Amino acid sequence: MSYTVRLIPSQREFTVEADESLLDAALRQGVALPYGCRSGSCGTCACRLVSGTVDYPECPPLGLTDKEIAEGYVLACRAHAEEDVVIEAQELTGLGDVVIKTLPARVVKMEKLNHDTMRVWLKLPAVERLQFLAGQYIDILLRDGGGRRSFSLANPPHHDELLELHIRHIPGGEFTTKVFAEMREKALVRLQGPLGSFYLRENSERPIILVGGGTGFAPLKAMLEHAFHAGVRRPVHLYWGVRQERDFYLQDLPEQWAREHANVTFTRVLSEPDADWQGRAGWVHETVIEDHADLAAHDVYMAGPPPMIAAAKGAFLAAGLPYEQLFFDSFDFAPEVQAKLDELAYQAGQVTRKS
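Cut-offs and rules
In this convention, every chain numbers its residues from 1, walking through the sequence in written order. Side-chain atom pairs in this predicted model are given and counted only at pLDDT of 80 or more, local residue features only at pLDDT of at least 70, and totals for whole chains, interfaces and linings cover all residues. In computing side-chain properties, one takes all heavy atoms of the structure into account and sets aside hydrogens as well as water. Runs of E in the DSSP output that reach at least two residues are strands. Runs of H or I that reach at least four are helices, and both are numbered from the N terminus. Think of it in three bands: with a 1.4 Å probe and only protein chains considered, a residue is buried below 20% of the maximum accessible area for its type, exposed above 50%, and partly exposed in between. Throughout this description, a polar contact denotes any pair of N or O atoms lying within 3.5 Å of each other; where both atoms belong to protein, one of them has to be capable of donating a hydrogen while the other can accept it, and for residues adjacent in sequence the pair is counted only when both atoms sit in side chains. Should any heavy atoms of two residues lie within 4.5 Å, those residues are considered in contact. Multiplying 1.5 Å by the helix residue count minus one yields the expected span of that helix. Directions are taken from the helix axis to each C-beta atom, and the arc is the one they span. Note on aromatic pairs: the rings of Phe, Tyr and Trp (six-membered ring only in Trp) are paired at centre separations within 6.5 Å, and the planes decide the class, stacked below 30 degrees, edge-to-face beyond 60, tilted for the rest. The rule for a charge over a ring is simple: NZ of Lys or CZ of Arg within 6 Å of the ring centre, and within 35 degrees of the ring normal. Lines fitted to C-alpha atoms define the axes here, with helix axes fitted over just the stretch in contact, and angles between the N-to-C directions of these axes take values from 0 to 180 degrees. Reported orientations rely on four angle classes, namely roughly parallel under 35 degrees, roughly antiparallel over 145, roughly perpendicular from 65 to 115, and oblique for the rest. By convention the crossing between two helices is left-handed if the near helix lies anticlockwise of the far one by an angle smaller than a right angle, and right-handed if it lies clockwise. For this scheme, ten residues count as nonpolar: Ala, Val, Leu, Ile, Met, Phe, Trp, Tyr, Cys and Pro. Four count as charged, namely Asp, Glu, Lys and Arg, and the remainder, Gly too, count as polar.

Asks: I tried to follow the side chain of Ser204 on my own but got confused; where do I start?
Replies: Position of Ser204 among the secondary structure elements: in the loop between strand E13 (188–195) and strand E14 (208–213). On the basis of relative accessibility, which here comes to 6%, the residue Ser204 falls in the buried class. At 2.7 Å, the side chain of Ser204 forms a polar contact with the side chain of Asp299.

Asks: Got a minute to help me understand the side chain of Thr287 in this structure?
Replies: Locating Thr287 in the fold gives a position in helix H6 (residues 284–291). Apart from residues no more than four positions distant in its own chain, Thr287 is found in contact with Tyr239, Thr267, Val269, Arg280 and Ala281.

Asks: Whenever I open this one, the environment of Tyr199 confuses me. Can you help?
Replies: Looking at the element boundaries, Tyr199 is found in the loop between E13 and E14. Overall, the relative accessible area of 7% leaves Tyr199 in the buried class. For the pair Tyr199 and Cys59, spaced 140 residues apart in the sequence, the C-alpha separation amounts to 27 Å.

Asks: What exactly am I supposed to notice about helix H7 (residues 306–318) here?
Replies: For an α-helix, the turn length of 3.6 residues means that residues three or four places apart are oriented alike. Over its 13 residues, H7 runs 18 Å from end to end, which matches the ideal 18 Å to within 8%, given 1.5 Å per residue. Those residues of H7 that fall on the buried side of the exposure criterion are Met308, Ile309, Ala312, Lys313 and Phe316. Along H7, the residues classed as buried sweep out an arc of 125° about the axis, all on the same side. Exposed residues lying more than 90 degrees from the buried face of H7 are Pro307, Ala310 and Ala318. Backbone geometry just downstream of H7 places Gly320 in the positive-phi region, at approximately 95°.

Asks: Explain the environment of Glu82 here, please?
Replies: Here Glu82 shows up in the loop between strand E6 (80–81) and strand E7 (85–88). Relative accessible area serves as the criterion here: at 44%, Glu82 is assigned to the partly exposed category. Considering only alpha carbons, one finds Glu82 and Glu272, 190 residues apart in sequence, at a separation of 48 Å. Ignoring sequence-local partners within four residues, the contact set of Glu82 consists of Tyr3, Thr53, Val54 and Asp55.

Asks: Teacher, can you tell me more about the packing of aromatic side chains here?
Replies: Any two aromatic rings considered together are summarised by their centre-to-centre distance and by the angle between their planes. Throughout the structure, instances matching the rule amount to 9 aromatic pairs. For the pair Phe151 and Phe175, a centre-to-centre distance of 5.8 Å together with 45° between the ring planes defines the contact as tilted. Separated by 24 residues along the polypeptide, Phe151 in strand E11 (residues 148–152) and Phe175 in helix H3 (residues 174–181) bring together distant segments of the chain. When its relative accessible area of 11% is taken as the criterion, Phe151 is described as buried. Exposure remark for Phe175: the relative accessible area of 10% places this residue in the buried category. Connected via pairs of aromatic rings, a cluster forms that spans Phe217, Phe228, Trp240, Phe248, Tyr249 and Trp257. In this structure, Lys109 is placed above the aromatic ring of Trp121, and the distance from its NZ or CZ to the ring centre is 4.9 Å.

Asks: Is there a simple way to explain the packing of helix H4 (residues 217–230) against helix H5 (residues 252–260) in this structure?
Replies: One can describe the packing of H4 onto H5 by two numbers: an axis separation of 12 Å at closest approach and a directional angle of 30°. Judged by the angle between their axes, H4 and H5 are roughly parallel. As H4 packs across H5, the resulting crossing turns out to be left-handed. For the pair H4 and H5, contact is made by Phe217, Lys221, Leu224, Glu225 and Phe228 and by Leu253, Pro254 and Trp257, respectively. Of the residues that constitute the contact of H4 with H5, the class distribution is 6 nonpolar, no polar and 2 charged.

Below you can see the structure in the form of structure tokens.
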């Protein structure tokens, strides 16, 4: 059985089968809706249900707040239609020509950037190129049904000879542990991409604020390098937050951008600074609010761990940022990795078991 989905304000329609999500149906028919993790966690695909009913057969809408649910928002990546529906969602015009591919790739270079971050370059077969938008990500497909791991592309589309990834070692993470302990140049991997709707919107004239947490710097790097190549002249303020100074990597690069481009400002933020730290301290999103109390006239892009995204999202909207001017990529862990992290935190006495 199939149902009709109508989008407003575009009035575009597409069909959805009873056993597929609204997002899967839209992408299958070339309708580009915003999305990120596709697991129901990040909230990027949230849209407002105007009429009709939906169900979540696989999992509850984890990426929505109680307030958003009360206001009628649903997660397109998990919601299944139970009848014809009308949803309020903004179509993305920039994704129309992007084709998702599954390809082999060879590791051609590896560089350890700091104590827990590895820079990995992948080369596709000679006859293949991956067309993508700055900010999108790829999935590394693990062998023997081991699932997939998502990593943002850190290189801009005009430098696509190699695909650049910034991979952080996650305690308990099987794949990232292999990257640091076993992976060598010439290793082969399989990938799928490009994925996600996190990319630079070039049809706006508003000043840009980029907010990265940890390796959330990777997609922001791609966006900035694309912006330079495209001649974007809007003011850009890059904020990069980590725990301690040793967690930064490639620091000379954003400092170089700020020197060479009059429209670029760079601010580093530590949440757990040492006594001799001379820079900004605290949560990175709070630093943004300190500098920009009213965000109504800005476009904000943020990438990083889910707690940062959740806290920043609420703070930025409270500071007047319209929802349609907020774009984010939440770096959610794969379920099996999150389970291992929870177990490690429990063993360390950082959390208690949920009853």
